[in-house]
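Structural overview
Here is how the chains run, residue by residue.
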2 protein chains.
Amino acid sequence: MVDPQQTFNMHPIGVIHTPYGEKFAVPRQPRLVESIHCTIELFAPYCDPQACIGLEGFSHIHVLFVFDQIPEDKFRPMIRPPRLGGNQRVGVFASRSPFRPNRIGLSILELEKVEVVKGKSVIHVKGADMVDGTPILDLKPYIPFVDAISEARGGFASEKPHLKEVVYTPEAQQQLAQGEAKGELDPQALAEILAQDPRPAYKGDADVKDYFAQLMGYKVTFQVHGEQVLVVALQKL
Amino acid sequence: MVDPQQTFNMHPIGVIHTPYGEKFAVPRQPRLVESIHCTIELFAPYCDPQACIGLEGFSHIHVLFVFDQIPEDKFRPMIRPPRLGGNQRVGVFASRSPFRPNRIGLSILELEKVEVVKGKSVIHVKGADMVDGTPILDLKPYIPFVDAISEARGGFASEKPHLKEVVYTPEAQQQLAQGEAKGELDPQALAEILAQDPRPAYKGDADVKDYFAQLMGYKVTFQVHGEQVLVVALQKL
(Lines give C-alpha, C1' and ligand atoms only; values in the text may rest on other atoms or scores of the structure.)
Protein backbone atom coordinates (compact mmCIF):
# COMPACT_ATOMS: atom_id res chain seq x y z
CA MET A 1 0.00 0.00 0.00
CA VAL A 2 0.95 3.59 -0.45
CA ASP A 3 3.09 5.27 2.18
CA PRO A 4 1.83 8.85 2.62
CA GLN A 5 5.43 9.92 3.27
CA GLN A 6 6.63 8.46 -0.03
CA THR A 7 8.30 10.90 -2.41
CA PHE A 8 8.20 10.77 -6.19
CA ASN A 9 11.00 12.71 -7.85
CA MET A 10 9.83 14.40 -11.01
CA HIS A 11 12.02 16.11 -13.56
CA PRO A 12 11.10 18.67 -16.21
CA ILE A 13 10.94 17.14 -19.68
CA GLY A 14 10.99 20.65 -21.15
CA VAL A 15 9.94 24.26 -20.81
CA ILE A 16 7.21 26.37 -22.38
CA HIS A 17 7.90 29.76 -23.93
CA THR A 18 4.93 32.14 -23.66
CA PRO A 19 4.34 35.91 -23.94
CA TYR A 20 3.43 36.07 -20.23
CA GLY A 21 6.38 37.56 -18.34
CA GLU A 22 4.78 37.14 -14.92
CA LYS A 23 1.74 35.55 -13.26
CA PHE A 24 -0.35 38.73 -13.50
CA ALA A 25 -2.51 38.77 -16.67
CA VAL A 26 -2.02 35.09 -17.46
CA PRO A 27 -5.46 33.86 -18.59
CA ARG A 28 -7.30 31.92 -15.88
CA GLN A 29 -7.94 28.93 -18.09
CA PRO A 30 -6.30 27.54 -21.24
CA ARG A 31 -7.61 28.47 -24.69
CA LEU A 32 -9.46 31.59 -23.48
CA VAL A 33 -6.84 33.52 -25.44
CA GLU A 34 -6.74 31.58 -28.70
CA SER A 35 -4.40 33.85 -30.62
CA ILE A 36 -1.39 33.17 -28.43
CA HIS A 37 1.22 30.99 -30.11
CA CYS A 38 3.70 29.28 -27.78
CA THR A 39 6.45 26.71 -28.08
CA ILE A 40 7.37 23.81 -25.84
CA GLU A 41 11.09 23.07 -25.99
CA LEU A 42 11.88 19.52 -24.91
CA PHE A 43 15.11 18.70 -23.07
CA ALA A 44 17.41 15.75 -23.81
CA PRO A 45 16.69 12.85 -23.94
CA TYR A 46 12.96 13.67 -24.31
CA CYS A 47 13.57 15.88 -27.36
CA ASP A 48 14.33 12.78 -29.47
CA PRO A 49 12.05 13.29 -32.50
CA GLN A 50 10.91 9.65 -32.19
CA ALA A 51 9.12 10.50 -28.94
CA CYS A 52 6.63 12.71 -30.82
CA ILE A 53 5.92 10.39 -33.76
CA GLY A 54 2.13 10.21 -34.19
CA LEU A 55 1.45 13.29 -32.06
CA GLU A 56 0.43 15.46 -35.01
CA GLY A 57 -2.55 13.16 -35.61
CA PHE A 58 -4.11 14.76 -32.54
CA SER A 59 -5.51 18.29 -32.65
CA HIS A 60 -5.12 18.89 -28.90
CA ILE A 61 -2.75 17.78 -26.15
CA HIS A 62 -2.81 17.62 -22.38
CA VAL A 63 0.13 19.53 -20.96
CA LEU A 64 1.15 18.76 -17.38
CA PHE A 65 3.35 21.37 -15.75
CA VAL A 66 4.58 22.71 -12.41
CA PHE A 67 3.27 25.98 -10.96
CA ASP A 68 6.85 26.78 -10.03
CA GLN A 69 6.16 30.43 -9.16
CA ILE A 70 3.89 29.31 -6.33
CA PRO A 71 5.69 28.71 -3.03
CA GLU A 72 5.52 25.22 -1.56
CA ASP A 73 3.56 26.39 1.45
CA LYS A 74 1.66 24.59 4.13
CA PHE A 75 -1.49 22.97 2.74
CA ARG A 76 -4.48 25.29 2.70
CA PRO A 77 -7.74 23.36 2.14
CA MET A 78 -9.72 26.27 0.67
CA ILE A 79 -9.05 28.93 -1.93
CA ARG A 80 -10.95 31.93 -3.36
CA PRO A 81 -11.50 31.34 -7.08
CA PRO A 82 -11.58 34.48 -9.29
CA ARG A 83 -14.73 33.04 -10.85
CA LEU A 84 -16.63 33.59 -7.61
CA GLY A 85 -15.56 37.20 -7.30
CA GLY A 86 -12.56 36.47 -5.10
CA ASN A 87 -14.53 36.55 -1.87
CA GLN A 88 -16.26 33.19 -1.70
CA ARG A 89 -14.14 30.15 -0.81
CA VAL A 90 -14.25 26.60 -2.23
CA GLY A 91 -12.18 23.49 -1.58
CA VAL A 92 -8.88 23.40 -3.40
CA PHE A 93 -9.83 20.10 -5.10
CA ALA A 94 -12.97 21.79 -6.50
CA SER A 95 -10.75 24.38 -8.22
CA ARG A 96 -7.93 24.64 -10.72
CA SER A 97 -6.08 27.05 -8.43
CA PRO A 98 -2.27 26.87 -8.54
CA PHE A 99 -2.20 26.93 -4.73
CA ARG A 100 -2.51 23.15 -4.44
CA PRO A 101 -0.57 20.16 -3.19
CA ASN A 102 2.16 19.01 -5.58
CA ARG A 103 1.61 22.24 -7.61
CA ILE A 104 0.79 20.29 -10.80
CA GLY A 105 -1.08 22.18 -13.50
CA LEU A 106 -3.05 20.69 -16.38
CA SER A 107 -3.98 22.54 -19.57
CA ILE A 108 -5.44 21.27 -22.79
CA LEU A 109 -3.85 23.18 -25.66
CA GLU A 110 -4.35 23.16 -29.40
CA LEU A 111 -1.43 21.51 -31.16
CA GLU A 112 -0.28 23.48 -34.19
CA LYS A 113 2.73 21.45 -35.28
CA VAL A 114 5.77 19.53 -34.14
CA GLU A 115 8.97 20.91 -35.57
CA VAL A 116 12.43 19.38 -35.40
CA VAL A 117 15.08 22.03 -34.82
CA LYS A 118 18.72 20.86 -34.80
CA GLY A 119 17.56 17.33 -34.12
CA LYS A 120 15.27 18.30 -31.22
CA SER A 121 11.47 18.38 -31.08
CA VAL A 122 9.83 21.77 -30.56
CA ILE A 123 6.06 21.67 -30.09
CA HIS A 124 3.95 24.59 -31.24
CA VAL A 125 0.74 25.11 -29.28
CA LYS A 126 -2.03 27.70 -29.03
CA GLY A 127 -3.89 29.07 -26.05
CA ALA A 128 -1.40 28.47 -23.23
CA ASP A 129 -2.15 29.88 -19.79
CA MET A 130 1.32 29.49 -18.32
CA VAL A 131 4.01 31.96 -17.32
CA ASP A 132 7.02 32.07 -19.65
CA GLY A 133 9.58 29.48 -18.55
CA THR A 134 7.15 27.12 -16.83
CA PRO A 135 8.60 23.59 -16.44
CA ILE A 136 6.73 20.84 -18.29
CA LEU A 137 6.28 17.38 -16.75
CA ASP A 138 4.42 15.47 -19.46
CA LEU A 139 2.56 15.69 -22.76
CA LYS A 140 -0.33 13.35 -23.54
CA PRO A 141 -2.64 13.21 -26.55
CA TYR A 142 -6.20 14.44 -26.04
CA ILE A 143 -8.36 11.47 -27.02
CA PRO A 144 -11.90 12.72 -27.75
CA PHE A 145 -13.76 9.48 -27.03
CA VAL A 146 -12.09 9.35 -23.60
CA ASP A 147 -11.56 13.01 -22.70
CA ALA A 148 -14.40 15.00 -24.32
CA ILE A 149 -17.42 14.63 -22.04
CA SER A 150 -20.00 17.00 -23.45
CA GLU A 151 -22.66 16.07 -20.90
CA ALA A 152 -20.42 16.87 -17.90
CA ARG A 153 -21.70 19.30 -15.27
CA GLY A 154 -19.40 22.23 -14.52
CA GLY A 155 -20.22 23.27 -10.95
CA PHE A 156 -19.59 26.94 -10.23
CA ALA A 157 -17.62 27.33 -13.49
CA SER A 158 -20.31 26.41 -16.00
CA GLU A 159 -19.95 29.33 -18.39
CA LYS A 160 -17.09 31.04 -20.18
CA PRO A 161 -16.00 34.18 -18.36
CA HIS A 162 -17.42 37.54 -19.37
CA LEU A 163 -15.21 39.64 -21.69
CA LYS A 164 -14.68 43.41 -21.62
CA GLU A 165 -14.05 45.78 -24.50
CA VAL A 166 -10.41 46.80 -25.01
CA VAL A 167 -9.71 50.39 -26.12
CA TYR A 168 -6.51 52.41 -26.46
CA THR A 169 -5.50 55.99 -25.75
CA PRO A 170 -4.15 57.72 -28.90
CA GLU A 171 -0.63 57.41 -27.48
CA ALA A 172 -1.00 53.68 -26.76
CA GLN A 173 -2.56 53.16 -30.19
CA GLN A 174 0.58 54.61 -31.76
CA GLN A 175 2.86 52.45 -29.58
CA LEU A 176 0.81 49.41 -30.54
CA ALA A 177 1.22 50.18 -34.25
CA GLN A 178 4.97 50.62 -33.82
CA GLY A 179 5.31 47.38 -31.83
CA GLU A 180 3.25 45.54 -34.43
CA ALA A 181 5.41 46.93 -37.27
CA LYS A 182 8.48 45.52 -35.49
CA GLY A 183 6.77 42.12 -35.17
CA GLU A 184 6.85 42.39 -31.37
CA LEU A 185 3.21 43.05 -30.49
CA ASP A 186 0.18 41.09 -31.70
CA PRO A 187 -2.89 43.38 -31.35
CA GLN A 188 -5.39 40.54 -31.59
CA ALA A 189 -3.71 38.46 -28.89
CA LEU A 190 -3.18 41.50 -26.67
CA ALA A 191 -6.87 42.41 -26.90
CA GLU A 192 -7.88 38.83 -26.06
CA ILE A 193 -5.66 38.84 -22.97
CA LEU A 194 -6.84 42.21 -21.66
CA ALA A 195 -10.52 41.51 -22.42
CA GLN A 196 -10.34 38.98 -19.56
CA ASP A 197 -9.83 41.88 -17.10
CA PRO A 198 -6.72 40.53 -15.39
CA ARG A 199 -7.19 42.49 -12.16
CA PRO A 200 -7.74 40.57 -8.93
CA ALA A 201 -11.34 39.38 -9.00
CA TYR A 202 -12.48 41.37 -5.96
CA LYS A 203 -11.68 44.69 -7.67
CA GLY A 204 -14.88 46.44 -8.63
CA ASP A 205 -15.76 49.18 -11.06
CA ALA A 206 -14.77 51.99 -8.69
CA ASP A 207 -11.14 50.88 -8.90
CA VAL A 208 -9.73 53.27 -11.52
CA LYS A 209 -5.96 53.16 -11.23
CA ASP A 210 -3.04 52.08 -13.39
CA TYR A 211 -2.30 48.36 -13.61
CA PHE A 212 0.87 46.94 -15.15
CA ALA A 213 1.31 43.65 -16.98
CA GLN A 214 4.38 42.09 -18.63
CA LEU A 215 3.17 40.85 -21.99
CA MET A 216 5.09 40.05 -25.19
CA GLY A 217 8.19 41.70 -23.79
CA TYR A 218 6.33 44.97 -23.07
CA LYS A 219 5.18 46.72 -19.94
CA VAL A 220 1.48 47.24 -20.57
CA THR A 221 -0.24 49.97 -18.54
CA PHE A 222 -4.01 49.82 -18.39
CA GLN A 223 -7.05 50.97 -16.43
CA VAL A 224 -10.48 49.43 -16.12
CA HIS A 225 -13.51 51.68 -16.54
CA GLY A 226 -16.64 49.60 -16.06
CA GLU A 227 -16.98 47.40 -19.12
CA GLN A 228 -13.93 48.88 -20.84
CA VAL A 229 -10.25 48.09 -20.46
CA LEU A 230 -8.30 51.22 -21.47
CA VAL A 231 -4.68 50.67 -22.53
CA VAL A 232 -2.68 53.74 -21.51
CA ALA A 233 0.87 52.82 -22.52
CA LEU A 234 2.98 50.06 -24.11
CA GLN A 235 6.68 50.27 -23.29
CA LYS A 236 9.32 47.78 -24.32
CA LEU A 237 10.89 46.02 -21.33
CA MET B 1 14.86 29.49 -16.76
CA VAL B 2 14.24 25.85 -16.02
CA ASP B 3 17.17 23.65 -15.07
CA PRO B 4 16.67 20.25 -16.75
CA GLN B 5 18.29 18.65 -13.70
CA GLN B 6 15.82 20.24 -11.31
CA THR B 7 13.79 17.87 -9.16
CA PHE B 8 10.24 18.38 -7.97
CA ASN B 9 9.33 16.23 -4.97
CA MET B 10 5.75 15.02 -5.16
CA HIS B 11 3.84 13.29 -2.39
CA PRO B 12 0.73 11.15 -2.62
CA ILE B 13 -2.38 13.02 -1.44
CA GLY B 14 -4.21 9.69 -1.24
CA VAL B 15 -4.74 6.23 -2.68
CA ILE B 16 -7.39 4.68 -4.92
CA HIS B 17 -9.06 1.40 -4.09
CA THR B 18 -10.12 -0.55 -7.19
CA PRO B 19 -11.09 -4.17 -8.03
CA TYR B 20 -7.94 -4.56 -10.16
CA GLY B 21 -5.42 -6.62 -8.22
CA GLU B 22 -2.65 -6.30 -10.82
CA LYS B 23 -1.89 -4.47 -14.07
CA PHE B 24 -3.24 -7.30 -16.25
CA ALA B 25 -6.91 -6.73 -17.21
CA VAL B 26 -6.98 -3.08 -16.10
CA PRO B 27 -8.98 -1.28 -18.82
CA ARG B 28 -6.77 0.61 -21.25
CA GLN B 29 -8.65 3.89 -20.79
CA PRO B 30 -10.87 5.30 -18.06
CA ARG B 31 -14.65 4.91 -18.22
CA LEU B 32 -14.56 1.98 -20.65
CA VAL B 33 -15.80 -0.08 -17.73
CA GLU B 34 -18.55 2.12 -16.35
CA SER B 35 -19.90 -0.26 -13.73
CA ILE B 36 -16.78 -0.21 -11.59
CA HIS B 37 -17.20 1.73 -8.36
CA CYS B 38 -14.00 2.82 -6.65
CA THR B 39 -13.01 5.02 -3.73
CA ILE B 40 -10.21 7.53 -3.34
CA GLU B 41 -9.03 7.74 0.27
CA LEU B 42 -7.29 11.03 1.01
CA PHE B 43 -4.40 11.22 3.49
CA ALA B 44 -3.95 13.88 6.18
CA PRO B 45 -3.89 16.85 5.81
CA TYR B 46 -5.57 16.61 2.37
CA CYS B 47 -8.52 14.65 3.75
CA ASP B 48 -9.82 17.79 5.51
CA PRO B 49 -13.48 17.92 4.34
CA GLN B 50 -13.06 21.63 3.54
CA ALA B 51 -10.71 20.72 0.66
CA CYS B 52 -13.59 19.06 -1.23
CA ILE B 53 -16.23 21.75 -0.68
CA GLY B 54 -17.84 22.48 -4.06
CA LEU B 55 -16.50 19.33 -5.71
CA GLU B 56 -19.90 17.62 -5.88
CA GLY B 57 -21.11 20.37 -8.25
CA PHE B 58 -18.96 18.71 -10.90
CA SER B 59 -20.01 15.44 -12.51
CA HIS B 60 -16.46 14.42 -13.49
CA ILE B 61 -12.96 14.91 -12.10
CA HIS B 62 -9.43 14.70 -13.43
CA VAL B 63 -7.42 12.27 -11.35
CA LEU B 64 -3.62 12.54 -11.54
CA PHE B 65 -1.74 9.51 -10.28
CA VAL B 66 1.59 7.68 -10.40
CA PHE B 67 2.07 4.50 -12.45
CA ASP B 68 4.00 3.13 -9.50
CA GLN B 69 4.09 -0.45 -10.79
CA ILE B 70 6.15 0.68 -13.77
CA PRO B 71 9.92 0.69 -13.15
CA GLU B 72 11.73 4.02 -13.46
CA ASP B 73 13.75 2.86 -16.42
CA LYS B 74 15.88 4.63 -18.94
CA PHE B 75 13.75 6.80 -21.25
CA ARG B 76 12.42 4.94 -24.27
CA PRO B 77 11.09 7.34 -26.94
CA MET B 78 8.68 4.89 -28.58
CA ILE B 79 6.09 2.43 -27.32
CA ARG B 80 3.74 -0.12 -28.92
CA PRO B 81 0.16 0.90 -28.11
CA PRO B 82 -2.36 -1.96 -27.77
CA ARG B 83 -4.65 0.07 -30.03
CA LEU B 84 -2.32 -0.51 -32.98
CA GLY B 85 -2.19 -4.26 -32.44
CA GLY B 86 0.96 -4.19 -30.31
CA ASN B 87 3.35 -4.32 -33.25
CA GLN B 88 3.39 -0.78 -34.58
CA ARG B 89 5.32 1.83 -32.58
CA VAL B 90 4.45 5.48 -31.86
CA GLY B 91 6.15 8.19 -29.84
CA VAL B 92 5.53 7.99 -26.11
CA PHE B 93 4.09 11.55 -26.10
CA ALA B 94 1.53 10.46 -28.72
CA SER B 95 0.28 7.77 -26.33
CA ARG B 96 -1.18 7.35 -22.87
CA SER B 97 1.23 4.50 -22.15
CA PRO B 98 2.39 4.15 -18.53
CA PHE B 99 5.98 3.72 -19.76
CA ARG B 100 6.67 7.46 -19.79
CA PRO B 101 8.90 10.03 -18.10
CA ASN B 102 7.69 11.01 -14.61
CA ARG B 103 5.18 8.11 -14.77
CA ILE B 104 2.20 10.44 -14.25
CA GLY B 105 -1.20 9.09 -15.26
CA LEU B 106 -4.33 11.12 -16.00
CA SER B 107 -7.87 9.73 -15.94
CA ILE B 108 -11.18 11.51 -16.10
CA LEU B 109 -13.61 9.69 -13.83
CA GLU B 110 -17.27 10.15 -13.03
CA LEU B 111 -17.75 11.55 -9.53
CA GLU B 112 -20.47 9.74 -7.61
CA LYS B 113 -20.24 11.42 -4.23
CA VAL B 114 -17.92 12.77 -1.58
CA GLU B 115 -18.39 11.10 1.76
CA VAL B 116 -16.91 12.11 5.09
CA VAL B 117 -15.86 9.07 7.12
CA LYS B 118 -14.49 9.72 10.63
CA GLY B 119 -13.76 13.31 9.64
CA LYS B 120 -11.93 12.38 6.43
CA SER B 121 -13.04 12.82 2.81
CA VAL B 122 -13.56 9.67 0.78
CA ILE B 123 -14.32 10.24 -2.89
CA HIS B 124 -16.50 7.77 -4.77
CA VAL B 125 -15.76 7.50 -8.50
CA LYS B 126 -16.80 5.31 -11.43
CA GLY B 127 -14.80 3.94 -14.32
CA ALA B 128 -11.27 3.90 -12.88
CA ASP B 129 -8.48 2.30 -14.91
CA MET B 130 -5.93 2.03 -12.12
CA VAL B 131 -4.45 -0.86 -10.19
CA ASP B 132 -5.67 -1.18 -6.60
CA GLY B 133 -3.45 0.92 -4.32
CA THR B 134 -2.31 3.43 -6.94
CA PRO B 135 -0.99 6.66 -5.36
CA ILE B 136 -2.95 9.81 -6.21
CA LEU B 137 -1.17 13.14 -6.80
CA ASP B 138 -4.06 15.53 -7.44
CA LEU B 139 -7.79 15.91 -8.08
CA LYS B 140 -9.13 18.69 -10.29
CA PRO B 141 -12.67 19.45 -11.41
CA TYR B 142 -13.53 18.68 -15.05
CA ILE B 143 -14.74 22.01 -16.43
CA PRO B 144 -16.73 21.34 -19.62
CA PHE B 145 -16.23 24.73 -21.29
CA VAL B 146 -12.46 24.28 -20.88
CA ASP B 147 -11.95 20.52 -21.05
CA ALA B 148 -14.66 19.09 -23.35
CA ILE B 149 -13.46 19.65 -26.91
CA SER B 150 -15.93 17.80 -29.07
CA GLU B 151 -14.29 18.85 -32.34
CA ALA B 152 -10.87 17.45 -31.34
CA ARG B 153 -9.16 14.97 -33.67
CA GLY B 154 -8.12 11.71 -32.05
CA GLY B 155 -5.18 10.47 -34.15
CA PHE B 156 -4.81 6.70 -34.17
CA ALA B 157 -7.27 6.34 -31.27
CA SER B 158 -10.38 7.88 -32.83
CA GLU B 159 -12.90 5.20 -31.95
CA LYS B 160 -13.87 3.30 -28.85
CA PRO B 161 -12.23 -0.11 -28.74
CA HIS B 162 -14.10 -3.12 -30.09
CA LEU B 163 -15.83 -5.29 -27.47
CA LYS B 164 -16.12 -9.07 -27.38
CA GLU B 165 -18.94 -11.21 -26.06
CA VAL B 166 -18.39 -12.69 -22.59
CA VAL B 167 -19.68 -16.22 -21.93
CA TYR B 168 -19.26 -18.66 -19.05
CA THR B 169 -18.75 -22.39 -18.74
CA PRO B 170 -21.49 -23.98 -16.59
CA GLU B 171 -18.97 -24.31 -13.73
CA ALA B 172 -17.92 -20.66 -13.94
CA GLN B 173 -21.56 -19.60 -14.18
CA GLN B 174 -22.22 -21.33 -10.86
CA GLN B 175 -19.13 -19.74 -9.23
CA LEU B 176 -20.30 -16.36 -10.50
CA ALA B 177 -23.74 -16.82 -8.94
CA GLN B 178 -22.17 -17.82 -5.62
CA GLY B 179 -19.75 -14.87 -5.66
CA GLU B 180 -22.59 -12.51 -6.50
CA ALA B 181 -24.74 -13.91 -3.67
CA LYS B 182 -21.88 -13.12 -1.25
CA GLY B 183 -21.67 -9.58 -2.59
CA GLU B 184 -18.14 -10.19 -3.85
CA LEU B 185 -18.60 -10.42 -7.62
CA ASP B 186 -20.42 -7.95 -9.84
CA PRO B 187 -21.41 -9.80 -13.05
CA GLN B 188 -22.05 -6.62 -15.03
CA ALA B 189 -18.69 -5.06 -14.16
CA LEU B 190 -16.88 -8.36 -14.73
CA ALA B 191 -18.41 -8.70 -18.18
CA GLU B 192 -17.46 -5.11 -19.05
CA ILE B 193 -13.85 -5.74 -18.03
CA LEU B 194 -13.46 -9.02 -19.91
CA ALA B 195 -15.26 -7.72 -23.02
CA GLN B 196 -12.18 -5.52 -23.57
CA ASP B 197 -10.12 -8.70 -24.22
CA PRO B 198 -7.33 -7.98 -21.75
CA ARG B 199 -4.72 -10.15 -23.50
CA PRO B 200 -1.60 -8.50 -24.91
CA ALA B 201 -2.68 -6.81 -28.14
CA TYR B 202 -0.46 -8.87 -30.44
CA LYS B 203 -2.25 -12.10 -29.46
CA GLY B 204 -4.42 -13.27 -32.31
CA ASP B 205 -7.36 -15.60 -32.59
CA ALA B 206 -5.19 -18.73 -32.77
CA ASP B 207 -4.08 -18.16 -29.16
CA VAL B 208 -6.42 -20.44 -27.23
CA LYS B 209 -4.91 -20.91 -23.80
CA ASP B 210 -5.81 -20.06 -20.21
CA TYR B 211 -5.28 -16.47 -19.04
CA PHE B 212 -5.51 -15.39 -15.43
CA ALA B 213 -6.64 -12.02 -14.06
CA GLN B 214 -6.97 -10.77 -10.47
CA LEU B 215 -10.34 -9.07 -10.32
CA MET B 216 -12.59 -8.23 -7.35
CA GLY B 217 -10.47 -10.44 -5.11
CA TYR B 218 -10.87 -13.46 -7.43
CA LYS B 219 -8.56 -15.32 -9.75
CA VAL B 220 -10.43 -15.27 -13.03
CA THR B 221 -9.45 -17.88 -15.63
CA PHE B 222 -10.53 -17.22 -19.19
CA GLN B 223 -9.83 -18.09 -22.81
CA VAL B 224 -10.46 -16.12 -25.96
CA HIS B 225 -12.13 -17.85 -28.90
CA GLY B 226 -12.40 -15.39 -31.76
CA GLU B 227 -15.09 -12.91 -30.81
CA GLN B 228 -15.91 -14.65 -27.52
CA VAL B 229 -14.26 -14.43 -24.12
CA LEU B 230 -14.98 -17.69 -22.30
CA VAL B 231 -14.73 -17.58 -18.50
CA VAL B 232 -13.54 -20.97 -17.29
CA ALA B 233 -13.22 -20.47 -13.53
CA LEU B 234 -13.65 -17.92 -10.73
CA GLN B 235 -11.70 -18.73 -7.57
CA LYS B 236 -11.44 -16.57 -4.50
CA LEU B 237 -7.89 -15.31 -3.87
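Structure first, text after, so check above.
A brief structural summary. Predicted, not measured: the structure shown is a model, and the values here were computed from it.

1. Observations concerning the packing of aromatic side chains
Aromatic ring pairs are reported here in terms of the distance separating the ring centres and the angle at which the planes meet. By the definition in use, this model includes twelve aromatic pairs over all chains. Centroid distance B:Phe24 to B:Phe222: 6.2 Å. Interplanar angle 5°. Geometry classified as stacked. With B:Phe24 in the loop between β2 (14–17) and β3 (37–42) and B:Phe222 in strand β12 (residues 218–225), this pair connects stretches of sequence that are 198 residues apart. The exposure class assigned to B:Phe222 is buried, which follows from its relative accessible area of 0%. By the ring-pair criterion, three or more aromatic residues cluster together here, those being A:Phe24, A:Tyr211 and A:Phe222. A cation sits over an aromatic face here: A:Lys219 above A:Phe212, 4.6 Å from the ring centre.

2. Concerning the sheet that holds strand β8 (residues 120–126) of chain A
Think of a sheet as strands paired side by side through backbone hydrogen bonds, with each pair either parallel or antiparallel. All names here are of chain A. Ordered by their spatial adjacency, six strands build a closed barrel running β2-β3-β8-β7-β4-β9, and the pairing between neighbours is antiparallel. Recorded for the sheet is a direction-independent mean angle of 45° between the axes of neighbouring strands. Of the pairings in the sheet, the one linking strand β2 (residues 14–17) to strand β9 (residues 134–141) comprises three bridges and is antiparallel in character. Bridging across to β9, Val15 finds its partner in Pro135.

3. Overview of the interface of chain B and chain A
The partner chain A presents 87 residues to the 87 residues of chain B that form the contact. Here chain B packs against chain A, burying approximately 7,600 Å² in sum over the two surfaces, 66% of which is carbon and sulfur. Along the contact surface separating chain B from chain A lie four salt bridges. Here chain B is connected to chain A by 34 residue pairs in polar contact (both at pLDDT 80 or more). Listed by contribution, the elements that provide at least two residues to the side of chain B that touches chain A are β1 (8–10), β2, β4 (60–66), β6 (90–91), β7 (104–117), β9 (134–141) and α1 (144–147) of chain B. Here the side of chain B that touches chain A takes seven residues from β9(B), the largest share from any one element. The pairing of strand β1 (residues 8–10) of chain A with β1(B) spans three bridges and is classified as antiparallel. Residue A:Met10 lies in a different strand from β1(B), and its bridge partner there is B:Phe8.

4. As for the sheet that holds strand β8 (residues 120–126) of chain B
Residues and elements named next belong to chain B. An order of β2-β3-β8-β7-β4-β9 is seen for the six strands of this closed barrel, with the pairing classed as antiparallel. When strand polarity is set aside, the average angle formed by the axes of neighbouring strands in this sheet is 45°. Here β4 pairs with β9 via five bridges, running antiparallel. Residue pairing for β9: His62 is matched across the bridge by Lys140.

5. Side note on the side chain of B:Ser35
Residue and element names in this part refer to chain B. Position of Ser35 relative to the elements: it lies in the loop between β2 and β3. For Ser35, a relative accessible area of 17% translates into the label buried. In terms of polar contacts, Ser35 uses its side chain to reach the side chain of Glu192, at 2.5 Å.

6. Structural notes on unusual backbone geometry
Residues A:Ala44 and A:Pro45 are joined by a peptide bond in cis, for which omega reads 0°. Along the polypeptide, A:Pro45 turns up in the loop between β3 (37–42) and β4 (60–66). One non-glycine residue with positive phi stands out, namely B:Ala25, at about 85°. Position of B:Ala25 relative to the elements: it lies in the loop between β2 and β3. Overall, B:Ala25 belongs to the buried group, its relative accessible area being 6%. Unusually for a residue other than glycine, B:Asp197 sits at a positive phi of about 55°. You can see B:Asp197 is positioned in the loop between α3 (187–194) and β11 (211–215). For B:Asp197, a relative accessible area of 10% translates into the label buried.

How each quantity is defined
- Residues numbered from 1 in each chain as written.
- Chains lettered and ligands numbered in written order.
- Predicted model: local features only at pLDDT ≥ 70, side-chain atom pairs only at ≥ 80, totals over all residues.
- Heavy atoms only, no water.
- Phe/Tyr/Trp six-rings, centres within 6.5 Å; stacked < 30°, edge-to-face > 60°.
- Helix = DSSP H or I, 4+ residues; strand = E, 2+ residues; numbered from the N terminus.
- Buried < 20%, exposed > 50% of the residue type's maximum accessible area, 1.4 Å probe, protein only.
- Lys NZ or Arg CZ within 6 Å of the ring centre and 35° of its normal.
- Pairing = 2+ DSSP bridges.
- Axes fitted to C-alpha atoms, helices over the stretch in contact; angles between N-to-C directions.
- Contact = heavy atoms within 4.5 Å.
- Buried area = accessible area lost by both parts, 1.4 Å probe.
- Salt bridge = Lys/Arg side-chain N within 4 Å of Asp/Glu carboxyl O.
- Polar contact = N/O pair within 3.5 Å; in protein donor to acceptor, adjacent residues only side chain to side chain.

Function cannot be read off these values alone, since they describe shape.
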